[in-house]
Amino acid sequence: MGTHQNTDSKTIQIQRSNLSRALVLHPVLRGVENARSPEASLEEAVGLAAAIGLEVAQAAVVKVSQPRPATLLGGGAIEQQAKLLEDAREAGEAIDLVIVDHLLTPVQQRNLERAFGAKVIDRTGLILEIFGARARTHEGQLQVELASLTYQKSRLVRSWTHLERQRGGFGFLGGPGESQLELDRRLIGNRIVKIKRELDDVRRTRGLHRKARAKVPYPVVALVGYTNAGKSTLFNRMAGADVFAKDLLFATLDPTMRQVVLPSGRKVILSDTVGFISDLPTHLVAAFRATLEEVQSADIILHVRDIAHPDTEAQKADVEAILADLGIDPERDPRVVEVSNKIDLLAGAERDAVLARAGRDGNACALSAATGERLDTLFGILDGRMTAGRELVELDVEHGDGATLAWLYAHGEVVGRRDDDSHAHLHVAIEPATLARLGHPGQGHAAA
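Residues numbered from 1 in each chain as written. Predicted model: local features only at pLDDT ≥ 70, side-chain atom pairs only at ≥ 80, totals over all residues. Heavy atoms only, no water.

Focus: the side chain of D101
Short version of the rule: Labels follow the DSSP assignment, with helices taken as runs of H or I lasting at least four residues and strands as runs of E lasting at least two, numbered in each case from the N terminus. We call two residues in contact whenever any of their non-hydrogen atoms come within 4.5 Å of each other.
Along the chain, D101 turns up in the loop between β5 (97-100) and α3 (106-116). With near-sequence residues (within four places) excluded, D101 lies in contact with L25, H26, P27, S41, A45 and R123.

Here it is as structure tokens:
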């Protein structure tokens, strides 16, 4: 996908690029520890490319004994990959794009393009492309544009002169070169300032929405997790919704909210958020701060894990690192519930071990969002959390005050009731904070 943006426009228009066949390279730097195997990292990079419809013609792990400031990759590796690209061109199966699954400096990117005679993007550019393709709401488009502009600001350099192209604009996979005026750093800087102001407005609006929900009050349950962990599938299963869910990295981007009624009858707001990923570009972490604030203010945070993935522990560490960046300690924050998803893909002792581990931990459960297996366990945990802070109170409500009676039945659990000629005498299990809202205009009054 290529993205073209007029500097006066408020939205990003996504257009299909003419680049379709890609070579994916995952550099392994000597002495750099990584919790994932090189093969697993390469597979994820291939999945990222597939997420925007690219055909991965070749993929390889490239060992880098000494990173070069000019190219990152060593001379031998560059020569080998350049020959592969040349052979593909001679065979009539040209590879238009080289994806380097690592952060590249502008100089490294430019030099690799010259060596390969093909377009080169790094991991950050690829993820930005995916986010640009997935953003649907105005807020999502603003966030992607801000991240893209911040990334591009340091890359306003002339390259691809042999193909009469010039790097720039707000897309990375192709499209016509932009004019020098549109590449001007000052104009991009002005646009960045304008987007930040608009996102501040979004943040204030979200704050107002949160205050409105607090007055209802419906607790917010936020889903977080590594991309493709099954968050959207679980969201659909719990809410009876039809959010796009597919075995695809970053299948959904914009946050979605639905009301869910728990088995006890208690209502909550379920919020699906963008998936996390390892080495998430700092531009995106900053740009999506407004969206991630929904997680910070949530009453319960469900950390959805793909427990069947070979790198599930590394993925867990990546998600917890981002939560920690948001000021949420997954080990100590009582709001965090770990949800081990995709148990339908496990069998035998491995499945038994996952179920046993979840059973021992009151802040964890194991289930299959795809089949609905053990979903009742998660609902039970949520119900338990919702009722944990309740206190039993006695209230006297006049029979004519139907609004207060309805409110108490909706927001608490009426465990006992005795009626006389004038009043209903209730025993209600309810949270003190919720009871404190009784008496607001429109909610009636009750005597304790």
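Further notes follow.
Comments concerning the pattern of salt bridges
Selection criterion: Here, a salt bridge means any Lys or Arg side-chain nitrogen found within 4 Å of an Asp or Glu carboxyl oxygen. Only protein chains enter the area calculation, which uses a 1.4 Å probe; residues under 20% of their type maximum are buried, those over 50% are exposed, and those in between are partly exposed.
Scanning all chains against the criterion turns up 17 salt bridges. The residue D272 makes a salt bridge to K231 at a minimum N-O spacing of 3.1 Å. Placement of the pair is D272 in strand β9 (residues 267-272) and K231 in helix α8 (residues 231-239), with a sequence separation of 41 residues. The pair D272 / K231 is uniform in exposure class, with both members buried. Salt-bridge contacts for R305 lead to E338; the nearest nitrogen and oxygen are separated by 2.9 Å. With R305 in strand β10 (residues 300-306) and E338 in strand β11 (residues 336-341), this residue pair connects regions lying 33 residues apart in the sequence.

Comments concerning the UniProt feature "binding site: Mg(2+)" (unreviewed entry) in the protein chain
In plain terms, the rule: UniProt positions are given in the numbering used here, feature names are shortened, and annotations may be inferred rather than shown by experiment.
Per the UniProt record, "binding site: Mg(2+)" (unreviewed entry) is found at S232 and T252. For S232, the location among the structural elements is in helix α8.

What to know about the sheet that holds strand β13 (residues 391-398)
So the rule is basically this: A pair of strands is labelled paired if DSSP reports no fewer than 2 bridges between them. Comment: axis = line fitted to C-alpha atoms, over the contacting stretch for helices; angle = value between 0 and 180 degrees taken between N-to-C directions.
The 3 strands lie next to each other as β13-β15-β14, forming an open sheet whose pairing is antiparallel. The strands lining the two open edges of the sheet, one partner per strand, are β13 and β14 (413-419). Across the sheet, the mean angle separating the axes of adjacent strands is 20 degrees when strand polarity is ignored. Bridging between β13 and strand β15 (residues 423-430) involves 8 bridges; their strand directions are antiparallel. Across the sheet, the residue bridging to L392 is A429, located in β15.

Observations regarding the packing of helix α2 (residues 75-90) against α3
Counted only if it meets this: An angle below 35 degrees is read as roughly parallel, one above 145 as roughly antiparallel, one from 65 to 115 as roughly perpendicular, and any other as oblique. Under the grouping applied here, Gly and all other residues not named as nonpolar or charged are polar, the nonpolar ones being Ala, Val, Leu, Ile, Met, Phe, Trp, Tyr, Cys and Pro and the charged ones Asp, Glu, Lys and Arg.
Axis separation between α2 and α3 bottoms out at 9 Å; the angle between their running directions is 50 degrees. The orientation of α2 with respect to α3, classified from their angle, is oblique. Contacts between α2 and α3 involve I78, Q81, A82, L85 and R89 on the former and, on the latter, L112, A115 and F116. Looking at side-chain class alone, the contact of α2 with α3 contains 6 nonpolar, 1 polar and 1 charged residues.

Topic: the sheet that holds strand β12 (residues 364-366)
Ordered in space as β8-β9-β7-β10-β11-β12, the 6 strands form an open sheet in which the pairing is mixed. The two strands at the open ends of the sheet, each matched to only one other strand, are β8 (256-261) and β12. On average, adjacent strands in this sheet sit at an angle of 25 degrees to one another, irrespective of strand direction. On top of the sheet, α8 reaches β7 (220-225), β8, β9, β10 and β11; it is set at about 155 degrees to β9, its chief contact.

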